[in-house]
Amino acid sequence: MTSLKGKKVLLGVSGSIAAYKSAFLIRLLVKSEAEVRVIITASASDFIPPLTLATLSKNPVLSSFTYGDKGEWNNHVELGLWADLMLVAPASAHTLSKCANGICSDLLTAIYLSARCPVWFAPAMDLDMYAHPSTRDNLRKLEEYGNRIVEAREGELASGLSGQGRMAEPEELVEELSRFFENDLDSNVGGLAGKNVMVTAGPTYEAIDPVRFVGNHSTGKMGYAIARALCAAGANVTLISGPTALDIPPGVRGIKVTSAMEMHRESLNVFSETDIAVFSAAVSDFRPKNPKGQKIKKEPGVEDISVEMVKNPDIAAELGALKKAGQFTVGFALETHDEEQNAGRKLENKNLDMIVLNSLNEKGAGFGHDTNRVKFIFRNGERMAFELKSKDEVARDIVSAIIRQTHV
Ligand code: C5P
């Protein structure tokens, strides 16, 4: 039985057919003993009558800045401050886009801008709208602002099409909320105050000649999300990043590198002043032995060429060997088979304190995706397994685990 006893939940309902689910959601929230206040957008009231939501939440449903004819108004700042958590469910593409871009033309979006509490979005829309680059951009922006996205689920949609776009079920949302309050995930805030943390992220590019390189598919999303989550926990973060399309997050010291050798050099420089190191970069294991100074040309009659490769330093292993008491290192493992044994071995070989195991066999996990499914293995043999989550949520879980492990 979930408990949200005494928690103040501000539910924002926007215009999507999934708005009918908000009636069930409110019932479950109230049953879990949360205090619920509801704000709806104008178009949401086409899908669900405010009277239904007011009756279930036992509070008037608010939708506009003013009410009555005596100049009385709904104080959006007060409502934002009242809430322990704001949940926008369903979050339509339109409302997501307004929140991501600071447009506050209705009560719901004005409250979003004033809210100091955690804000969660549970999107619901047609699959193509959900997959559209502008929607993906808006979701990414909201995550960067520190909001949590409960990704839409796959299934049948109101359009008759089938795909990702269904709002997460009310039961799942209430379950997640109760887990959130139980673990007090916000306790990450300040948990690493004053700690120096380095993160390696992204791929490395190993030059063959001035225009060609050997690289890999890493986008850096996971490492950048970790840098943001560490920063939110109060750490002084240095992000040593291979080539990515991402901007260094605000508040993070960024060192951009290209090759494994450069990443190795910068990591060695930073490590001695580091309390915690997270090695999330996909470092190339080998590099061309003799990169050419000039572009390799096609020569008539030459049908094949070979590029001799030499081994790159293993940054995590090398720094693991240099590790002093009080330093904590975290590595990643991406395995295709015998995952846990191989990850456990890597933990030993690289003298890591914690390893994050990604599965390539998992749909939605690994390179380029916005989601990831991970397991943690700790030095003391403890293990933790997680559901498929957004990379920002995974990053918060990693930071919570680091805080727990470094505070014992
Ligand atoms: O051995 P493998 O490449 O699978 O190990 C992955 C872990 O080691 C990751 O944490 C990665 O960032 C780190 N690593 C490293 N330097 C390398 C290779 C991997 O820091 N040259």
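Residues numbered from 1 in each chain as written. Predicted model: local features only at pLDDT ≥ 70, side-chain atom pairs only at ≥ 80, totals over all residues. Heavy atoms only, no water.

Draft legend 1. Region of interest: the domain arrangement of the protein chain. Once the domains are mapped, the protein chain shows domain 1 (2-182) and domain 2 (196-406). Its C-alpha centre places domain 1 at a distance of 36 Å from the equivalent point of domain 2. Across the boundary between the two partners, domain 1 contributes 9 residues, which contact 8 residues of domain 2. Roughly 690 Å² of surface becomes buried between domain 1 and domain 2 when both sides are summed, with 36% attributable to carbon and sulfur atoms. Together, Glu143, Glu144 and Arg148 form the three largest contributors to the area buried by domain 1 at its contact with domain 2, with a combined 52%. Along the contact surface separating domain 1 from domain 2 lie 2 residue pairs in polar contact (both at pLDDT 80 or more). Among the elements that make up the side of domain 1 that touches domain 2, the one with the highest residue count is helix α8 (residues 133-144) (3 residues). Residues that form the side of domain 1 that touches domain 2 fall into these classes: 1 nonpolar, 1 polar and 7 charged. (Domains from an automatic or database assignment. Contact = heavy atoms within 4.5 Å. Buried area = accessible area lost by both parts, 1.4 Å probe. Polar contact = N/O pair within 3.5 Å; in protein donor to acceptor, adjacent residues only side chain to side chain. Helix = DSSP H or I, 4+ residues; strand = E, 2+ residues; numbered from the N terminus. Nonpolar A, V, L, I, M, F, W, Y, C, P; charged D, E, K, R; others polar.)

Draft legend 2. Representation of the packing of aromatic side chains. Tallying each qualifying case throughout the model produces 7 aromatic pairs. Ring centres of Phe180 and Phe181 lie 5.4 Å apart, and the angle between their planes is 75°; this geometry places the pair in the edge-to-face category. The class of Phe180 is buried, set by a relative accessible area of 8%. According to the relative accessible area criterion, Phe181 is buried, its value standing at 17%. A connected cluster of aromatic rings, assembled from ring pairs, spans Trp120, Phe180 and Phe181. Positioned over the ring face of Trp82 is Arg37, at 5.7 Å from the centre of the ring. Lying across the ring of Tyr130, Arg136 places its NZ or CZ 4.8 Å from the centre. (Phe/Tyr/Trp six-rings, centres within 6.5 Å; stacked < 30°, edge-to-face > 60°. Buried < 20%, exposed > 50% of the residue type's maximum accessible area, 1.4 Å probe, protein only. Lys NZ or Arg CZ within 6 Å of the ring centre and 35° of its normal.)

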